[in-house]
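# Descriptive analysis of the structure
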Amino acid sequence: MLDIIINPFITLLLVLYGLLGRNVFLAIVGFTIIVRFALLPLTIKQQRSFKRMQELQPKQRMLQEKYKNDRERLTQEQMALYREHGVNPFAGCLPLLIQLPIFLSLWRAILATLASTPDQLLELQDRILIGGLDHLVPLKNTFLWMNLALPDQFYILPILVVITTYLQQKLIMPVTPTTSSSGNDAADQAARMSKQMTTFMPLLFGFFALTYSSGLSIYFITSNIVGIIQYAMMGKADVRRLIGKEAPKKEEKAVSAIVTGEVEAGDVIEAPTKTPAKPAAPVRQPRMAKEPVEAGSVVSATGRPLKPGITERKLSGSSAAASSGTTTKSAGKTSKTPPSRNRPKK
Amino acid sequence: MNTSRTARLTPRFWVLTILILGAVLLTACEGGNESWAGISTDTNGETVVVSFEKQVVSYSADGSRNWTYRDDDSDAKFYAPSLITADRVYVGDYSGRVHAINRADGKRIWIYEPKVSKVLGFSLGANDRILGPVAQSGDSLFFGNEHGVVKLDISGEQPREVWKFETEHSIWAQPLYVNNPELGEPTLFVAALDQHLYALNPDNGEERWSVDLEGAAVSHPVLDAVNGRLYIGTLNYKLYAFDFNDGAKVAEFKTEGWIWDAPLLEDQTLYFGDLSGWLYALPITSDGFGEVWKTKLSDAALRAAPVLIDGVLVVASQDEKVYAINLDDKSRKWEKGIGAPAVAGLFVLEGEDGPLLVVGTKDKENLLVTLRLDNGEKEWGKKYED
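Residues numbered from 1 in each chain as written. Chains lettered and ligands numbered in written order. Predicted model: local features only at pLDDT ≥ 70, side-chain atom pairs only at ≥ 80, totals over all residues. Heavy atoms only, no water.

Moving on, we come to the overall build of chain B. Broken down by element type, chain B carries 2 helices and 35 strands. A buried classification covers 58% of the 386 residues belonging to chain B. Nonlocal contacts in chain B, meaning residues at least 24 apart in sequence, comprise 41% of its contacts between residues at least 6 apart. Accessible surface for chain B amounts to roughly 15,300 Å². Of this, 44% is attributable to carbon and sulfur atoms. (Helix = DSSP H or I, 4+ residues; strand = E, 2+ residues; numbered from the N terminus. Buried < 20%, exposed > 50% of the residue type's maximum accessible area, 1.4 Å probe, protein only. Contact = heavy atoms within 4.5 Å. Areas by Shrake-Rupley, 256 points an atom, 1.4 Å probe, with all protein chains shown as cover.)

Written out as structure tokens, the structure is:
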């Protein structure tokens, strides 16, 4: 079934091999770069979708808390939330689903052209779509100390695979701090999952690099590096994530203010401040609450729960209580929060 | 708890699931056999030896098992066809070792372990696989591996490496040792995946000449002692004729598909198939090749060389069939299905009631199938028994 993708890939790889002086290393690197950049629109779409989902996380958590005893209602509310923000919760997975067969084919194409076993070589003739490339088969499999058809005996490539995969995971995966000491909170689940992925994926790909052809390791390493560069070009790669820190975001601060009741919809929110992050501000109870408000609910300064989408400001960040330092105006009065040097002009 | 179950359905969960699924698929893609069974028969057609995965098995022509050889001290995998001599069986494995086995009882005589260079404690060349059969001349063994060709001195109790000749790509073909004074000095010919045919001095491994084949060669050249030529097929749709002494190209013939196995030379005609399913009979002339006869037998590959016996040309195909063709009028004598792609080779055994054709596959349930030459009926078959 994948042949429809594998065969053009094999042909492309052979063309590159011929053009790049029959250097299999350059051919694999060039091939990986071309495919990764061809998939860039999908990568961008996926990243955007993840970001939007992440932005909705605070609201989601609040809904989960609010309707924790009514699953049906929770589902309805979540779907309404998604609809309101034009988010498809599975949209982030779709590009990945599309990319998966492509990367599988990429893998298979490299294995096929290296033809480390008679079986692989025997199949190759029918896979080459352009005439005149047969004289290039099989690819010369030696480069530096390596036989690219075999695993790297020095373990250098598998180690590089693990490192680059880890770096890529770490740089692009948003830090999702845990919020609950009980450990069963949804955010905790997501955080654990993120952590598992950044641990599991490098090890998994390292295992593949140890087991299979070195050519594949070169593909992994190149792909990871290109991935990091792509994310960096999109402004998504954050070096601070390597040490488990997320860059402070203005949106978080705005959300913090809303959630803590320091600001109401329609109030002016400060432009991003250059002041460093400060310790968490105490959570203020909403004023004039007419009915009991559940912990973590989004409320206005008047104590009314905020409607979804009440502000165009983004609701990113994991915990309202974790953000602080925002200077706001509330109900026409200057709040007692620390003054800001960057008050927007009216 | 509800929140927990909801969290499991987050996009991250799906991402992780998809990645794990992909990883499993990747592993599955790589699965399966690495090669087909390596099959060889002795010159009298009394014994067939099958190398597959972790064992080498010897059968008599009647299908009875003589012995099974395993190297339980290692994870040795055997796919290379063995060399059967009067008293020994030699076979290479996927770890670059050569095993000398007593032909009578299947006991190990010795194992040649390649010298492994170490850099900073790491082994180099440990994965130096042997995929082709070894060749013997007196007290010398020659075999190809991932890096070139090696000569062993087997006159002592233990084999000793004499020389190595390095190539730019693996050697899957059996080296061809020729010692014919009428043609010239003893020479070792080696065809490599690096698209070259090398003529080496068998004493010291020095190169006498080499030719660019413009395509990888998987099988050994065939010697034409009458005309002093070598014939070799390539993966570049060509069969070449070279002069024995200097490698000068005498002629070339364009085919419809890749040529994998060495052609069969009988009565100044070359018989061979290609991976596009074409079968050829190419006459040899004083200045090259004559007019070819060819037929499209199947859409599937004809990997193994045909055999010619009693005026019948027999070909095994990857379409799971074996075809018998009357040579005189090129009519189809019979065709039989064997239940698995016949890629592993085709040989002849001397059965009690006449010649038997031995066909090898890569299917464990039909690893070895024997057919009667006269009518193509199955005589006996063997499956892989771990």
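Another point: the overall build of chain A. Check the secondary structure of chain A and you find 10 helices and 4 strands. Taking all 346 residues of chain A together, the buried fraction comes to 52%. The long-range fraction of contacts in chain A, counting pairs at least 24 apart against all pairs at least 6 apart in sequence, stands at 74%. When the accessible area of chain A is evaluated, it comes to approximately 16,700 Å², of which 61% is carbon and sulfur surface.

Right, let's talk about the confidence of the model for chain B for a bit. Overall, the prediction assigns chain B a mean pLDDT of 90, with 88% of residues at 70 or greater. Here residues 1-8 of chain B is a poorly scored stretch, pLDDT under 50, and it has 16 contacts once near neighbours within four places are set aside; other chains count. (pLDDT = per-residue confidence, 0-100.)

This brings us to the nonpolar core. With 83 residues, the main nonpolar core has Phe-31 and Leu-121 of chain A together with Val-48 and Trp-258 of chain B as its most contacted residues. If you tally residues by element for this core, the top one is helix α5 (residues 93-114) of chain A, at 11 residues. With sequence-adjacent residues up to four places away left out, Phe-31 of chain A is seen in contact with Phe-9, Leu-12, Leu-13, Leu-16, Leu-106, Ala-109 and Ile-110 of chain A. In terms of nonpolar packing, the next biggest core, distinct from the first, is built from 17 residues, Ala-173, Ala-199, Trp-209 and Phe-242 of chain B among them. (Core = buried A, V, L, I, M, F, W, Y, C linked by side-chain atoms within 4.5 Å.)

What follows covers the sheet that holds strand β3 (residues 55-60) of chain B. Residue and element names in this part refer to chain B. With respect to topology, 4 strands assemble into an open sheet ordered β1-β2-β3-β4, the strand pairing being antiparallel. Each having just a single partner strand, β1 (38-41) and β4 (65-70) make up the two edges of the open sheet. Each neighbouring strand pair of the sheet contributes to a mean axis angle of 15°, computed without reference to strand direction. By the bridge criterion, 5 bridges tie β3 to β4 in an arrangement that is antiparallel. Counted as the bridge partner of Val-56 is Tyr-69 from β4. (Pairing = 2+ DSSP bridges. Axes fitted to C-alpha atoms, helices over the stretch in contact; angles between N-to-C directions.)

Residues and elements named next belong to chain B. One pass over the full model with this rule turns up 25 aromatic pairs over all chains. Seen from their ring centres, Tyr-69 and Phe-78 are 6.1 Å apart, and the 70° between their planes marks the pair as edge-to-face. When the ring of Phe-165 is compared with that of Tyr-198, the centres are 5.2 Å apart and the planes differ by 65°; the resulting orientation is edge-to-face. Placement of Phe-165 in strand β14 (residues 160-166) and of Tyr-198 in strand β17 (residues 196-200) is noted, with a sequence separation of 33 residues between them. (Phe/Tyr/Trp six-rings, centres within 6.5 Å; stacked < 30°, edge-to-face > 60°.)

The next thing to look at is the layout of surface pockets. Empty space among the atoms becomes apparent when a probe as large as a water molecule is rolled across them. Residues and elements named next belong to chain B. Taken as a whole, the second largest pocket holds about 1,300 Å³ of empty space. Around the second largest pocket, the lining is made up of 45 residues, and of these Ile-39, Gln-174, His-220, Asp-261 and Phe-347 lie nearest the centre. Going through the elements one at a time, β1, β5 (83-84), β23 (264-266), β28 (307-309) and β32 (345-351) are the ones with two or more residues in the lining of the second largest pocket. (1 Å grid on protein atoms, 1.4 Å probe; cavity = no way out; pocket = protein on both sides within 12 Å on 5 of 7 lines; lining within 4 Å. Points joined across faces, edges and corners; volume = space filled by probe spheres on them.)

Further remarks concern the confidence of the model for chain A. In low-pLDDT segments, the atomic positions of the prediction should not be examined closely. Looking at chain A, pLDDT values average 68 and 58% of them are 70 or higher. Here residues 250-346 of chain A is a poorly scored stretch, pLDDT under 50, and it has 140 contacts once near neighbours within four places are set aside; other chains count.

Residue and element names in this part refer to chain B. As enumerated under the stated definition, the model contains 4 cavities of 30 Å³ or more in all. Taken as a whole, the largest cavity holds about 80 Å³ of empty space. Along its surface, the largest cavity is lined by Val-50, Phe-52, Gln-55, Val-57, Tyr-59, Arg-65, Leu-367, Leu-368, Lys-383, Tyr-384 and Glu-385. Of all elements in the fold, only β2 (47-52) and β3 reach the threshold of two or more residues within the lining of the largest cavity. Of the residues belonging to the lining of the largest cavity, the class tally is 7 nonpolar, 1 polar and 3 charged. (Nonpolar A, V, L, I, M, F, W, Y, C, P; charged D, E, K, R; others polar.)

Right, let's get into the sheet that holds strand β34 (residues 368-372) of chain B. All names here are of chain B. Across the sheet, which stays open at both edges, the 4 strands sit in the order β32-β33-β34-β35 with antiparallel pairing between neighbours. Across the chains shown, the open sheet's two edge strands, defined by having one partner strand only, are β32 and β35 (378-382). For this sheet, the mean inter-axis angle between neighbouring strands, taken without regard to orientation, is 20°. With 7 bridges connecting them, β32 and strand β33 (residues 354-360) associate as antiparallel partners. Bridging across to β33, Phe-347 finds its partner in Val-358.

Residue and element names in this part refer to chain B. Examined bridge by bridge, β34 and β35 share 4 bridges and lie antiparallel to one another. Within β35, the position partnered with Leu-368 by the bridge is Lys-382. In this antiparallel pair of consecutive strands, β34 and β35, the connection spans 5 residues, and Gly-376 shows a positive phi of 80°.

Right, let's talk about unusual backbone geometry for a bit. Each neighbour pair has its own omega, and for Val-137 of chain A with Pro-138 of chain A the value is -15°, a cis peptide bond. In this fold, Pro-138 of chain A is placed in the loop between α6 (118-124) and β1 (142-143). In this structure, Gln-195 of chain B takes a positive phi of about 75° despite not being glycine. By secondary structure assignment, the location of Gln-195 of chain B is in the loop between β16 (187-191) and β17. Note on Gln-195 of chain B: relative accessible area 8%, which makes it buried. A positive phi angle, near 75°, is found at Glu-320 of chain B, a position not held by glycine. Taking the relative accessible area as the measure of exposure, Glu-320 of chain B reaches 33% and is therefore partly exposed.

Residue and element names in this part refer to chain A. Where helix α3 (residues 40-66) meets helix α4 (residues 71-84), the closest approach of the two axes is 10 Å, and the angle between their N-to-C directions is 155°. With respect to α4, the axis of α3 lies roughly antiparallel. Here α3 and α4 pass one another in a crossing that is right-handed. Within the contact between the two elements, α3 uses Met-53, Leu-56, Lys-59, Gln-60, Leu-63 and Gln-64 and α4 uses Leu-74, Glu-77, Gln-78, Leu-81 and Tyr-82. For the contact of α3 with α4, the class distribution of residues is 6 nonpolar, 3 polar and 2 charged. (Parallel < 35°, antiparallel > 145°, perpendicular 65-115°, else oblique. Left-handed = near helix turned anticlockwise from the far one by under 90°.)

To continue, consider the packing of helix α1 (residues 3-19) of chain A against helix α2 (residues 24-38) of chain A. Residues and elements named next belong to chain A. Between α1 and α2, the least distance of the axes is 8 Å, while the angle of their chain directions is 130°. By the angle class used here, α1 and α2 are oblique. Here α1 runs over α2; the crossing is right-handed. Of α2, the residues touching α1 (which contributes Phe-9, Leu-12, Leu-13, Leu-16 and Tyr-17) are Val-24, Ala-27, Ile-28, Gly-30, Phe-31, Ile-34 and Val-35. Partitioning the contact of α1 with α2 into residue classes produces 11 nonpolar, 1 polar and no charged.

Let us now look at a nonpolar patch on the surface. Taken together, the side chains of Leu-144, Trp-145, Tyr-155, Ile-156, Ile-159, Leu-160, Ile-163 and Leu-210 of chain A present a nonpolar region at the surface, about 750 Å² in accessible area. As for its position among the elements, Trp-145 of chain A is in the loop between β1 and β2 (146-147). (Patch = residues over 30% accessible without salt bridge, like charges linked within 9 Å, V, L, I, M, F, W, Y side chains within 5 Å. Salt bridge = Lys/Arg side-chain N within 4 Å of Asp/Glu carboxyl O.)

What follows is about the environment of Pro-341 of chain B. All names here are of chain B. Residue position: Pro-341 is located in the loop between β31 (332-337) and β32. Residues Pro-341 and Ala-301, 40 residues apart in the sequence, show an inter-C-alpha distance of 9.3 Å. Sequence-distant contacts of Pro-341, defined by excluding residues within four places in its chain, comprise Ser-317, Gln-318, Glu-320, Gly-360, Thr-361 and Lys-362.

What follows concerns the side chain of Ser-170 of chain B. On the secondary structure map, Ser-170 of chain B appears in the loop between β14 and β15 (176-178). With relative accessibility at 2%, the residue Ser-170 of chain B sits in the buried group. A polar contact of 2.8 Å, which involves the side chain of Ser-170 of chain B, links it to the side chain of Glu-146 of chain B. Residues in contact with Ser-170 of chain B, not counting those within four places in the same chain, are Asn-141 of chain A together with Asn-145, Glu-146, Ala-192 and Leu-193 of chain B. (Polar contact = N/O pair within 3.5 Å; in protein donor to acceptor, adjacent residues only side chain to side chain.)

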